[in-house]
Amino acid sequence: MSRIGKQPITLPSKVQVTIDGAKVSVKGPKGELSRELPTEVSVSQEGDTLTVSRENDSRVCRQMHGLSRTLVSNMVEGVSKGFQRQLKLQGVGYRAQLKGRDLVLNVGYSHPVEIAPPEGIQFAIEEKGVAIVISGYDKEMVGNTAARIRAVRPPEPYKGKGIRYDNEIVRRKAGKAGKGGKK
């Protein structure tokens, strides 16, 4: 039995779940999410707990069991608490600012880069324009948006300049070896 898949999901108050065959819809204070789950697994609700079960012990069913439980759990957590990713800008003159809902990045290009947030995503700027907080109720959308922003200027290994995740460690490389002149 899958260690992750067999754990029940506890529903917080103010969260409603609708199960229609393979489609699971979760509604809470932050928003509403729905997802079509694989046919190998089924979701059942008993009071304020959700249980994900599989139909047999085939390899595909075992793979989908833990995945489906995690997806439903992320939906429940997203509509009740929400998710956040934080990015840091590192480099001389690199900064971010908000223009309405859009994010404007000055990261060393000849022009500022504007990024419009997808539906359900909010941007916030902290620490004098060098920290970006992406928040929303869909974990997949928050992660994809953060990856899209990071791809504008990924951190480079020589000086470490670029946009990086808050907890990301960039391994630095040594520069050119022959800096001294001829003797």
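First, a word on what this report is: a plain description of the structure on this page. (Residues numbered from 1 in each chain as written. Predicted model: local features only at pLDDT ≥ 70, side-chain atom pairs only at ≥ 80, totals over all residues. Heavy atoms only, no water.)

Re the sheet that holds strand β12 (residues 131–136)
Each strand in a sheet pairs with another by means of backbone hydrogen bonds, the pair being arranged parallel or else antiparallel. One open sheet holds the four strands; their spatial order is β11-β12-β7-β13, and the pairing between them is antiparallel. Looking at strand neighbours, the two that pair on one side only are β11 (121–126) and β13 (162–165), the edges of this open sheet. Between one strand axis and the next, the sheet turns through 25° on average, direction left out of account. Its contacts with the sheet put helix α2 (residues 139–150) on β7 (83–90), β11, β12 and β13, and the angle it makes with β7 is roughly 10°. (Pairing = 2+ DSSP bridges. Helix = DSSP H or I, 4+ residues; strand = E, 2+ residues; numbered from the N terminus. Axes fitted to C-alpha atoms, helices over the stretch in contact; angles between N-to-C directions. Contact = heavy atoms within 4.5 Å.)

Some thoughts on the packing of aromatic side chains
Tallied over the full model, the rule gives zero aromatic pairs. Sitting over the ring of Y165, R85 keeps its end group 4.4 Å from the ring centre. Taking the ring centre of Y109 as reference, the NZ or CZ of R153 above it sits at 4.2 Å. (Phe/Tyr/Trp six-rings, centres within 6.5 Å; stacked < 30°, edge-to-face > 60°. Lys NZ or Arg CZ within 6 Å of the ring centre and 35° of its normal.)

Some words on the side chain of N106
With respect to the helices and strands, the residue N106 is situated in strand β9 (residues 102–106). A relative accessible area of 17% places N106 in the buried class. In this view, N106 contacts G93, Y94, R95, Q97 and P112; residues no more than four positions away in its chain are not counted. (Buried < 20%, exposed > 50% of the residue type's maximum accessible area, 1.4 Å probe, protein only.)

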